[in-house]
Each structure stands twice: as C-alpha cells, then as structure tokens.
Amino acid sequence: MGQYNALNIAWNALRGHKNWQRAWRDPEPKSNYDVIIIGGGGHGLATAYYLAKNHGITNVAILEKGWIGGGNVGRNTTIVRSNYLLDGNSPFYEHGMNLWRDMAQDLNYNVMFSPRGVMNIAHTKSQYDTFARRANTMRLNGIQAELLSRDEVLEREPIIDGSADTRFPVWGGILQPDAGNARHDAVAWGYARAADQLGVDIIQNCEVIDFIKQGERIIGVKTNRGDIHADKVGMAVAGSSSRLAQKLGIRLPIESHVLQAFVTEPYKPLINGVVTFGAGHFYVSQSDKGGVVFGGDIDGYNTYAQRGNLPVFEDVIAGGLTMMPCLSRLKLLRNWGGVMDMSMDGSPIIDVGPIDGLYLNTGWCYGGFKATPASGYCFAHTIANDEAHELNKAYTLDRFAKGYTIDEKGMGPYPKAH
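Residues numbered from 1 in each chain as written. Predicted model: local features only at pLDDT ≥ 70, side-chain atom pairs only at ≥ 80, totals over all residues. Heavy atoms only, no water.

## A few points about helix H9 (residues 372–385)
Residues lying three or four places apart along an α-helix face the same way, a consequence of the helix completing one turn every 3.6 residues.
Consideration 1: Here H9 spans 20 Å end to end across 14 residues, near enough to the 20 Å set by a 1.5 Å rise per residue.
Consideration 2: Of all 14 residues that make up H9, 11 are buried, and the element is covered over most of its length.
Consideration 3: Just beyond H9, the residue with positive phi is Asp386, at close to 55°. (Helix = DSSP H or I, 4+ residues; strand = E, 2+ residues; numbered from the N terminus. Expected span 1.5 Å × (residues − 1). Buried < 20%, exposed > 50% of the residue type's maximum accessible area, 1.4 Å probe, protein only.)

## Overview of the packing of aromatic side chains
Consideration 1: One pass over the structure, following the stated rule, counts 15 aromatic pairs.
Consideration 2: Ring geometry for Tyr49 versus Tyr50: centroids 5.1 Å apart, planes at 65°, classification edge-to-face. Pair check on accessibility: Tyr49 and Tyr50 agree, each one buried.
Consideration 3: A ring pair is formed by Tyr84 and Tyr93, whose centres lie 4.1 Å apart and whose planes are at 10°; its orientation type is stacked. No difference in accessibility class separates Tyr84 from Tyr93, as the two residues are buried.
Consideration 4: In textbook terms, an aromatic cluster arises when at least three aromatic residues are bridged by ring pairs, as seen for Tyr84, Phe92, Tyr93, Trp364 and Tyr395.
Consideration 5: Its end group placed over the ring of Tyr304, Arg243 keeps NZ or CZ at 4.1 Å from the ring centre. (Phe/Tyr/Trp six-rings, centres within 6.5 Å; stacked < 30°, edge-to-face > 60°. Lys NZ or Arg CZ within 6 Å of the ring centre and 35° of its normal.)

## Details of the environment of Met97
Consideration 1: Checked against the element boundaries, Met97 lands in helix H3 (residues 90–107).
Consideration 2: Separated by 15 residues in the primary sequence, Met97 and Met112 have C-alpha atoms spaced 14 Å apart.

## Some thoughts on the state of the cysteines
Consideration 1: The final tally for this structure, using the stated rule, is 0 disulfides.
Consideration 2: Looking at the unpaired Cys365, the closest cysteine sulfur is the one in Cys378, lying at 17 Å.
Consideration 3: Exposure remark for Cys365: the relative accessible area of 5% places this residue in the buried category. (Disulfide = S-S within 2.5 Å.)

## Some thoughts on the packing of H3 against H9
Consideration 1: The interhelical angle for the contact between H3 and H9, taken along N-to-C directions, is 110°, at an axis separation of 7 Å. Here H9 runs roughly perpendicular to H3, going by the angle between their axes. Each of Phe92, His95, Gly96, Leu99, Trp100 and Met103 in H3 lies in contact with H9, whose residues at this interface are Thr372, Pro373, Ala374, Ser375, Tyr377 and Cys378.
Consideration 2: Per-class residue counts for the contact of H3 with H9 are 8 nonpolar, 4 polar and no charged. (Axes fitted to C-alpha atoms, helices over the stretch in contact; angles between N-to-C directions. Parallel < 35°, antiparallel > 145°, perpendicular 65-115°, else oblique. Contact = heavy atoms within 4.5 Å. Nonpolar A, V, L, I, M, F, W, Y, C, P; charged D, E, K, R; others polar.)

## Considerations on the pairing of strand S1 (residues 32–38)
Consideration 1: Along S1, 5 of the 7 residues are buried, which leaves the element largely enclosed by surrounding structure.
Consideration 2: Where S1 and strand S11 (residues 226–235) come together, 6 bridges link them in parallel fashion. Residue pairing for S11: Asn32 is matched across the bridge by His229.
Consideration 3: Alignment of S1 against strand S2 (residues 60–63), held across 4 bridges, turns out to be parallel. Bridging from a neighbouring strand, Ile36 pairs with Ala61 of S2.
Consideration 4: In this region the chain leaves S1, passes through helix H2 (residues 42–55) and returns to the parallel neighbour S2; the handedness of that crossover is right-handed. (Pairing = 2+ DSSP bridges. Right-handed = clockwise from strand over helix to strand, strands pointing away.)

Pasting the structure below:
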C-alpha cells in the first residue's frame with residue numbers, strides 16, 4: 001500500500017498535480033435504497049462500510065448535509081482508548097481497539113494509528129486506589145493496563161510538575177500502553193473510499209428535512225435534493241440527534257453541548273503519549289506535526305454552535321498549566337468546537353428505534369471518535385439483523401426507563417440535569 005501511494009503521488013507530481021481521480025464517487029441520489037444512513041461522519045461511514053463488508057448490503061446511501069469530514073469526525077482530539085471499568089463499556093471499546101489495530105490494512109488506507117499510550121494521573125491515595133481497581137478490571141477484560149508509581153509517571157512524562165510543593169502532588173497513574181491516537185480526517189476518508197468501492201453511495205450536501213412515513217413505519221426521508229425511500233433508516237448525526245428525532249415526535253434522553261479543543265504551533269517532541277490531569281478535566285497529546293493538542297470540559301449550556309466561550313477556555317488552560325507549567329510558553333494556533341450529544345448516563349445508544357424502520361446511533365458524549373469502528377460494526381449488525389449485537393446489547397434506549405444505566409464516572413463530563 002505504501003509503495004503504491006508513493007508511486008501514485010510521484011506520478012501526479014510529475015504531471016503538475018492535475019487530473020487527480022476522486023477518492024470516492026459523487027453520485028446523484030437514487031429514489032430507492034435498502035438502507036439510508038443519515039450522517040456522513042465517522043460512525044455513519046463505518047456503519048455503511050460494515051453493512052457492505054460484513055452483511056452484503058451494498059444498496060446503501062449515506063446522506064451528509066455538509067461534506068465528509070466537516071463534522072465531529074474532523075473536530076476532535078484524536079484519542080483512541082478502551083480504559084473503561086463497567087461491563088457494558090469494556091468489551092465494546094476493546095473490540096474497537098482491535099479494529100483500530102488492523103484498520104489501515106482493512107481499509108487499505110493509512111489512518112496513522114499510533115499506540116503511544118494513554119496515561120491518567122492520580123493525585124491522591126484514594127484516587128490511586130481507584131485506579132488500581134480500574135487496572136485490575138481492565139486486565140480481567142483482556143485490556144492492557146499498568147499501574148504506575150510516582151517515579152514511573154515522571155520518568156514517562158518529565159514535564160509534569162512532580163515537585164514536593166505542587167498543589168496537586170503526583171501519587172502515580174494508570175497506563176493503557178497500546179492506546180493512543182489516530183488521524184481523524186484519514187479515518188473519515190479511509191472509510192468513505194472503502195465503502196464507495198463496495199458500492200455505497202456517498203451523497204454530500206444532502207440535508208434531511210423530514211421523514212416519510214407509511215402508517216406507523218418510516219419508509220424514507222425528504223431532503224433538499226428530493227425524496228429518497230428505503231426499507232431502513234439509520235441516524236448517526238451526533239449533536240443533531242435530538243433535532244432530527246423531534247421531527248418524529250421522539251424525545252431522546254440527550255442534550256447537545258459544545259466541546260472545545262485547542263492546538264498550538266508545532267514544536268519539537270515534548271509529550272510522549274496522551275496524558276490526562278486527575279485533579280481537573282484536561283487531556284493533552286502531541287500530533288505528528290508537532291502541535292500540542294488538548295481539551296477539557298464541555299461548555300455548560302445547551303447549544304448547536306461549533307464554537308465555545310471563554311470560561312471553559314480559561315478552565316482548560318488553568319488545568320494544563322497546573323499539570324505542565326511549561327505549556328505557558330507555547331503559542332496557541334487555533335481552537336474549534338464539536339457538538340456533543342450528551343446522554344444522561346454518559347454512555348451511548350445503539351438500538352432499533354421506537355418506530356419501525358428507524359435505527360438509532362447517538363449519545364456518544366466523549367466516546368465518539370474512539371468508538372468509530374466499534375460503533376459502525378455494531379450499528380451495521382443492528383440494522384442488518386433488527387437486533388443488537390452482543391457488544392451493544394447494553395446500549396438500548398429503554399435502559400433509562402428500566403434503570404439499567406451505565407454510569408461510567410471519571411471517563412468524561414456529563415450534562416447538568418434540567
């Protein structure tokens with residue numbers, strides 16, 4: 001693959017970078033499909049790919065209101081991990097890690113998966129004990145985990161403030177050594193190209209305006225490019241889930257919040273892996289280009305805007321400087337925001353919908369990018385078989401009514417109750 005890509009780039013360079021072939025087709029929408037996937041982000045693209053690859057369903061349309069890579073799949077901090085505690089989450093995210101490891105070969109596209117390690121820092125004895133429990137649980141689930149001493153944390157990331165008089169002393173940490181980062185836009189492009197090659201239609205600039213119903217069943221969608229019919233319609237639209245569900249009279253147990261992220265100018269290698277601050281919500285890594293990429297808490301108000309505000313900006317910066325004071329010398333290049341569909345227990349929903357013909361993929365909170373392959377794999381199974389895969393049986397919509405919530409504390413912020 002690498003040799004072919006290098007020769008292809010060299011050949012196109014010699015002819016002045018003209019007449020490049022499309023990575024995927026730009027078809028006109030057909031009037032009928034077997035499956036429509038609303039949302040051309042990572043989850044929608046992965047779902048269509050696995051529908052075609054695993055289930056032989058190729059008459060599929062992905063409807064994207066903007067362009068591929070323009071939503072949350074291109075607006076995140078690229079972290080990939082499976083360091084979860086609860087039974088509903090651990091096997092799901094670890095299955096995703098297995099897919100991440102083989103993704104470049106599977107898609108024949110370099111997604112730049114880099115298992116450089118994800119380390120969470122403990123600042124108190126009780127937090128360290130909690131990390132020990134998490135590490136043991138991860139190992140029991142077949143997930144790599146190492147409990148680190150204070151010295152091992154500082155040896156791995158020497159720019160962390162480990163002084164004796166620091167406000168938040170370092171007690172130790174927990175490391176998932178085979179977790180890390182992947183290139184977000186490459187993931188979108190890789191799934192898009194692979195799905196297209198299997199016959200999936202990727203239709204950009206095609207916004208879903210409403211649903212078409214026949215009795216109590218959904219049989220298609222109305223779009224700005226005309227009506228499109230299908231036996232099955234799957235929603236994978238991240239922060240826009242509640243707005244789209246509202247058109248069907250469905251009120252989902254989610255709220256939409258903006259999550260900001262930040263990147264600095266490129267610098268020499270400074271941070272070895274992904275590091276999270278245990279005394280506040282701050283996480284940081286360094287991209288292959290040298291930019292220091294970091295983020296923190298969601299903005300505390302409901303919004304559909306892809307931009308944040310100054311209080312969270314200040315809070316994130318304060319957490320970063322507390323953990324790594326030398327970051328104060330870096331120059332910020334830009335910040336951006338993605339709209340998060342925050343569920344009430346912090347865990348996602350992958351389920352057959354409450355209306356015949358509808359399928360739901362929503363409520364990803366902080367888990368969206370890292371879950372891309374596992375989400376698509378399980379959502380494709382759910383759509384193809386009208387029942388959940390073993391890995392997403394816990395992610396049902398009715399768990400909130402039945403009291404079977406999966407409240408993974410410590411893995412990300414949650415929306416405030418209203």
